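# Coordinate inspection notes
So you can see what is in the structure, the chains are spelled out below.
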Amino acid sequence: EVFPTLAEGFQTGGSFTSNDAGLVIDDESGIIDVVNSQVGSYEITYTLASFDCTTGGTYTETVVISEPATPVTEFTYTDACIFSENPLPVLAEGFTEGGVFSSNELTVDAQTGEVSLENVAPGIYNVEYTVNANSTDCIAEGTYTAQIVVTDLIAPQIAFEYESPYCADNGIIS
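The text that follows walks through the structure, step by step, so that each part is easy to find. A quick note: this is a predicted structure, and the numbers were derived from the prediction, not measured.

### A short note on the overall build of the protein chain
Along the backbone of the protein chain there are zero helices and 11 strands. Taken over C-alpha atoms, the radius of gyration comes to 33 Å for the protein chain, far larger than the 16 Å a tight globule of 174 residues would show. Taken along the three principal axes of its C-alpha coordinates, the protein chain extends 125 × 30 × 25 Å. Scored against the burial criterion, the 174 residues of the protein chain give a buried share of 25%. Long-range pairs, those at least 24 residues apart, make up 52% of the contacts in the protein chain between residues at least 6 apart in sequence.

Now the structure itself:
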């Protein structure tokens, strides 16, 4: 609901009207039902009839109802291995800030999306980012879930040997 901001000393008793059926407005209070109104620009007129020693009149104001913007919530993680630095999400272009990162399986910083790898077993984990609807900024709700793959440390085979000793002429001494 959107309430009109009434001028100081506003005279009640008149009626709010709009000649467009797409706008749902209470004729007595001027409260607009934005949920059931259609997107568009509307002229709203307040009409006050003359009474006693008060002159009547009309006043018209324009109101715009906009479609909520769809937030950009997509992000990814690069694969990580146990004991590496805590990974941060790679955010999509135009990413909508102000949401919350969360996971049922990992410890995730709610604001930055940084994943703590402390005491994490190898596996595939989900991290969710949620932006709540915000009527002030006209943003719709949005959610996105990304996966992060955590792998175990790989112990590479690094052993080697020489058939030693060698002669200066590269021949093997028996």
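Read on for the rest.
### What about the side chain of T130?
Among the structural elements, T130 can be located in strand β10 (residues 123–131). Side-chain polar atoms of T130 contact the side chain of E128, separated by 3.3 Å. If sequence neighbours within four positions are ignored, T130 has contacts with G99, V100, G142 and T143.

### Notes on the sheet that holds strand β11 (residues 142–151)
The strand order β5-β11-β10-β7 describes an open sheet built from four strands, whose pairing is mixed. Of all strands in the sheet, those with a lone pairing partner are β5 (80–81) and β7 (100–102), marking the two edges. Relative to β11, β10 runs antiparallel, the two sharing nine bridges. Bridge pairing in β11 links I124 to V149.

### Overview of the sheet that holds strand β3 (residues 57–65)
Strand-to-strand pairing in sheets goes through backbone hydrogen bonds, with the strands running parallel or antiparallel. Strand order in the open sheet formed by three strands is β1-β2-β3, with antiparallel pairing between adjacent strands. Edge strands, defined here as strands with exactly one partner in the open sheet, are β1 (15–17) and β3. Geometrically, the sheet is characterised by an average inter-axis angle of 25° between neighbouring strands, direction not taken into account. Both β1 and strand β2 (residues 40–48) contribute to a ladder of three bridges, which runs antiparallel.

### Some details on a negative patch on the surface
Taken together, E1, D26, D27 and E28 make up a surface patch of like negative charges. With respect to the secondary-structure elements, D26 resides in the loop between β1 and β2.

### Concerning the environment of P122
By secondary structure assignment, the location of P122 is in the loop between β9 (115–116) and β10. According to the relative accessible area criterion, P122 is partly exposed, its value standing at 43%. Expressed as a C-alpha distance, the spacing of P122 and C81, which sit 41 residues apart in the sequence, is 7.7 Å. P122 has contacts with I82, V150, T151 and D152, leaving out every residue within four places of it along the chain.

### Quick look at the nonpolar core
Within the largest apolar cluster, 18 residues are counted, with the highest numbers of intra-cluster contacts made by F75, Y77, F101, L106, V115, V127 and I148. Only β10 and β11 provide two or more residues apiece to this core. With residues near it in sequence (within four places) discarded, I148 still touches Y77, T78, P87, L106, V115, G123, I124, Y125 and V127. Counting residues in each nonpolar core, the second largest holds nine residues, with L23, I25, I44 and L48 among its members.

### Regarding the pairing of β11
Bridge count for β5 against β11 is two bridges, and the pairing is parallel. Residue pairing for β11: A80 is matched across the bridge by V150.

Here is what the cut-offs are and how they apply
- Residues numbered from 1 in each chain as written.
- Predicted model: local features only at pLDDT ≥ 70, side-chain atom pairs only at ≥ 80, totals over all residues.
- Heavy atoms only, no water.
- Helix = DSSP H or I, 4+ residues; strand = E, 2+ residues; numbered from the N terminus.
- Rg over C-alpha atoms; globule rule 2.2 N^0.38 Å.
- Buried < 20%, exposed > 50% of the residue type's maximum accessible area, 1.4 Å probe, protein only.
- Contact = heavy atoms within 4.5 Å.
- Polar contact = N/O pair within 3.5 Å; in protein donor to acceptor, adjacent residues only side chain to side chain.
- Pairing = 2+ DSSP bridges.
- Axes fitted to C-alpha atoms, helices over the stretch in contact; angles between N-to-C directions.
- Patch = residues over 30% accessible without salt bridge, like charges linked within 9 Å, V, L, I, M, F, W, Y side chains within 5 Å.
- Areas by Shrake-Rupley, 256 points an atom, 1.4 Å probe, with all protein chains shown as cover.
- Salt bridge = Lys/Arg side-chain N within 4 Å of Asp/Glu carboxyl O.
- Lys, Arg positive; Asp, Glu negative; His and termini not counted.
- Charge placed at Lys NZ, Arg CZ, Asp CG, Glu CD.
- Core = buried A, V, L, I, M, F, W, Y, C linked by side-chain atoms within 4.5 Å.

Shape is all these values report; function is a separate question.
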